[in-house]
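# Notes for the structure review
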Amino acid sequence: MIGNTRSKSGFMLSQPANDVMCASAIRLAAAVIVVALAFFALASFSIELTRDGGRIAAVWVPNSVLLVLLLRGRKEHIPFYLGAAFAGNICANLFVGDDPWFAVGLALSNQIEMLTLLYVMARLRCTKPDFTRSRDIVVFVGAALAAAAVSGLAASAVIRAGAPSDVVAQWWTWTRADGLGLLLIVPSIMILIDAAKQWRQVTRKKLIEALLVIAFGTGASAYAFWQSEYPLLFLGAPLVILYAMRLGPAGNSIALLNLAIVSTIATTLGHGPIHLIEGSLAEKAMVLQFFLASSFVVCLPIASLLRRQLEVAETKSRFLAVMSHEIRTPMNGVIGFTDLLMQTNLDETQRIYVQRIADSGESMTRLLNDILDFAKLESGRMALEKEAVDLHHLLEAVTELFRGAAQTKGIALSCKIGANVPPMMEGDSLRLRQLLSNLVGNAVKFTETGAVSVRAQMRGPHLCIAIQDTGIGIPEDRLDRVFGTFEQVDQSTARRFGGSGLGLAISADLVRLMGGRISVQSEPGVGSTFQVTLTPTLPSAALSAA
């Protein structure tokens, strides 16, 4: 029999509920221990890495990481995390040689900074800041600098430098270190956390590109800061722009963290262009701080601009998707009732009119489907399935789909599959069929006389599918536009053959999503050849059978 326990409020709790509460308490206790240990490690590292006879680090990291946890975590856990950080901070101060009262005083200064920052952000209604929005950036920068300045006053009272000028110098040093740590690390980590939620939408090609950009950026920044012969600090801005243009808002965060880590470690170890300046490590650390602050000023506005562009694209894609769906619903009704009308007794003239209504409805449905696919591709929300695809059957089925249209126009339509083409491959059969249907359909549509052929063969590890026609062809100066959105060779072509201009754009995006490439060769009056190159993989069942 399951027993009951009485809570402090007087209500009876069942044993399962009590177990849940115990498990939650255990998880919270574990989190508190992790926070204390992490703050201790980060604080010890920050102090030992960048101080030079003084007591204040050049860039104070632990407060920034703690703030991310406080902003992203549950409100009721904030006191526990602050207490854990306070204990970890005291231990770190004792570890680097501070006396107990001094260690407690500096740890208390950090607590004042966190409380001030949380209070100001709550008052300004920015408890969940979005660092791609201008208002949130401005609010956070102001709150971070104010909190760092307030904690600097408390730290100056603890350090008690002596002369007023020394007190001001200590306050300024503390404010710079804490403020810079907050400005560099908090936005970067939070943007990366938001970007990580979209990781399932990252294609293999985009992941490879991201790794290459990060590797190049890390190498370039390491070179710039590991040599002390040339003042190459100016390389920071181009690297930030490179990350932003190729990787978006997340790229800004990676660039900022990359520059901060590489430049701080190199400067501390005696390398880099900052050591061209004569002076103490504290003075050089100040130059490093201003360099990192300028990088922050470059990074976040770019992130905000990119975010606005993404929002515009997402809004347009959502509009297209919603409108296409809303139009398609009544369109399905029109097509359905047209089919029913075709089954009634109609004279020849009426049947011709109804057939034209049906044809128009089907054309409209195809256009709406293209718009929906285009919206998904543009917003990055189209995901490919992984399943076993009967490649031979798919190629033949797509060819047969257009057999009637080809016969009506009096053109030959053939499909030839090489003996070395595997019968099965892993992929998305629906999207592969859509891709081939677009290409074969275009070939038949733009061919008045002659033939259309579909050929598939293996060239090394690559599957090459070529759709060749003897149609109107494409002028050489228009070849680079055929895969563009809403593009037609010319307006007379659009009027004569119809079409939205989305088919080839969607095809090109699908090929890229599949990790392949698409190309075209054409000559006006002779014909065109569209070639799709993919790297097929055998389905899991075929591999296990082999």
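Our subject in this report is the structure included herewith. A quick note: this is a predicted structure, and the numbers were derived from the prediction, not measured. Note on numbering: residues in each chain are counted from 1, in written sequence order. Two thresholds apply to this predicted model, a pLDDT of at least 70 for residue-level local features and 80 or more for giving and counting side-chain atom pairs, whereas whole-chain, interface and lining totals are computed over all residues. To get the side-chain values, take all heavy atoms of the structure and skip hydrogens and water.

## Some details on the sheet that holds strand 7 (residues 462-469)
Two strands make a pair as long as DSSP finds a minimum of two bridges between them. Numbering of helices and strands runs from the N terminus; a helix is a DSSP stretch of H or I covering at least four residues, while a strand is a stretch of E covering at least two. Across the sheet, which stays open at both edges, the five strands sit in the order 4-6-7-9-8 with mixed pairing between neighbours. Of all the strands in the sheet, the pair left with one neighbour each is strand 4 (412-417) and strand 8 (517-523). Put simply, the sheet's adjacent strands are angled 15° from each other on average, direction ignored. Pairing of strand 7 with strand 9 (residues 527-534) involves seven bridges; the strand directions are antiparallel. The residue of strand 9 that forms the bridge with Cys464 is Thr533. Whether two residues touch is decided by their heavy atoms; if any such pair falls within 4.5 Å, the residues are in contact. Helix axes are fitted to C-alpha atoms over the stretch in contact, other axes to C-alpha atoms as well, and angles between N-to-C directions run from 0 to 180 degrees. In the packing of helix 12 (residues 391-401) onto the sheet, the strands contacted are strand 4, strand 6 (451-459) and strand 7, and the crossing angle to strand 4 comes to about 175°.

## Describing helix 5 (residues 134-159)
By this rule, a helix spans an expected 1.5 Å times one less than how many residues it contains. Helix length check: helix 5 (26 residues) gives 37 Å between terminal C-alpha atoms against 38 Å at 1.5 Å per residue, within 8%. Just past helix 5, the residue Arg160 takes up positive phi, approximately 50°.

## Some remarks on helix 8 (residues 236-247)
In this model helix 8 runs 16 Å from its N-terminal to its C-terminal C-alpha over twelve residues, within 8% of the 16 Å that 1.5 Å per residue would give. Every buried residue of helix 8 is listed here: Gly236, Leu239, Val240, Tyr243, Ala244 and Leu247. For helix 8, the angular spread of the buried residues around the axis is 135°, confining them to a single face. Relative accessibility under 20% of the residue-type maximum defines a buried residue, over 50% an exposed one, and the middle range a partly exposed one, all with a 1.4 Å probe and only protein chains included. This arc is built from the directions going out from the helix axis to the C-beta atoms.

## Some remarks on the side chain of Thr116
You can see Thr116 is positioned in helix 4 (residues 100-123). Any N or O atom pair separated by 3.5 Å or less is treated as a polar contact, with the protein-specific requirement of one donor-capable and one acceptor-capable atom, and with residues adjacent in sequence counted only for side-chain atom pairs. At 2.7 Å, the side chain of Thr116 and the backbone oxygen of Ile112 are in polar contact. Each residue touching Thr116, except ones within four places of it in the same chain, is listed here: Ala147 and Val150.

## Regarding the packing of aromatic side chains
Pairs were defined over the aromatic rings of Phe, Tyr and Trp, the Trp ring being its six-membered one, requiring ring centres within 6.5 Å. Orientation was assigned from the angle between planes: stacked under 30 degrees, edge-to-face over 60, tilted for the rest. As enumerated under the stated definition, the model contains two aromatic pairs in all. Ring plane angle 70° and centroid distance 5.6 Å describe the contact between Phe40 and Phe95, whose orientation is recorded as edge-to-face. Within this pair, whereas Phe40 is found in helix 1 (residues 15-50), its partner Phe95 is found in helix 3 (residues 78-95), the two being separated by 55 residues in sequence. On the numbers, 6.4 Å between centres and 35° between planes, the contact of Trp171 with Trp172 is tilted. Under the relative-accessibility criterion, Trp171 is labelled partly exposed at 28%.

## Looking at the packing of helix 14 (residues 429-445) against helix 16 (residues 503-513)
Remark: helix 14 packs on helix 16, axes separated minimally by 9 Å, with the N-to-C direction vectors making an angle of 140°. Viewed along their axes, helix 14 and helix 16 adopt a mutual orientation that is oblique. The two elements helix 14 and helix 16 meet at a crossing, and its hand is left-handed. Where helix 14 abuts helix 16, its residues Arg431, Gln434, Leu435, Asn438, Leu439 and Asn442 lie against Gly503, Leu504, Ile506, Ser507, Leu510 and Val511. Note that Gly is not counted as nonpolar here; it falls among the polar residues with everything else outside the nonpolar set of Ala, Val, Leu, Ile, Met, Phe, Trp, Tyr, Cys and Pro and the charged set of Asp, Glu, Lys and Arg. In terms of residue class, the contact of helix 14 with helix 16 is made up of six nonpolar, five polar and one charged. Any angle that falls under 35 degrees is termed roughly parallel, while one over 145 is termed roughly antiparallel, one within 65 to 115 roughly perpendicular, and all others oblique. Should the near helix be turned anticlockwise from the far one by less than a right angle, the crossing is termed left-handed; should it be turned clockwise, right-handed.

## Comments concerning a nonpolar patch on the surface
What goes into a patch is any residue over 30% in relative accessible area without a salt bridge, connected to like charges within 9 Å or, for nonpolar side chains (Val, Leu, Ile, Met, Phe, Trp, Tyr), within 5 Å. Areas reported as accessible are Shrake-Rupley estimates using a 1.4 Å probe. Residue values count occlusion only from the protein chains shown. In the sections that follow, a salt bridge refers to a side-chain nitrogen of Lys or Arg positioned within 4 Å of a carboxyl oxygen of Asp or Glu. On the surface, Phe319, Met323, Ile327, Met364 and Leu367 cluster together into a nonpolar patch covering about 410 Å² of accessible area. For the nonpolar patch, the secondary structure elements donating two or more residues are helix 10 (281-342) and helix 11 (348-379). Looking at which element gives the most residues to the nonpolar patch, the answer is helix 10, with three residues. Mapped onto the secondary structure, Ile327 falls in helix 10.

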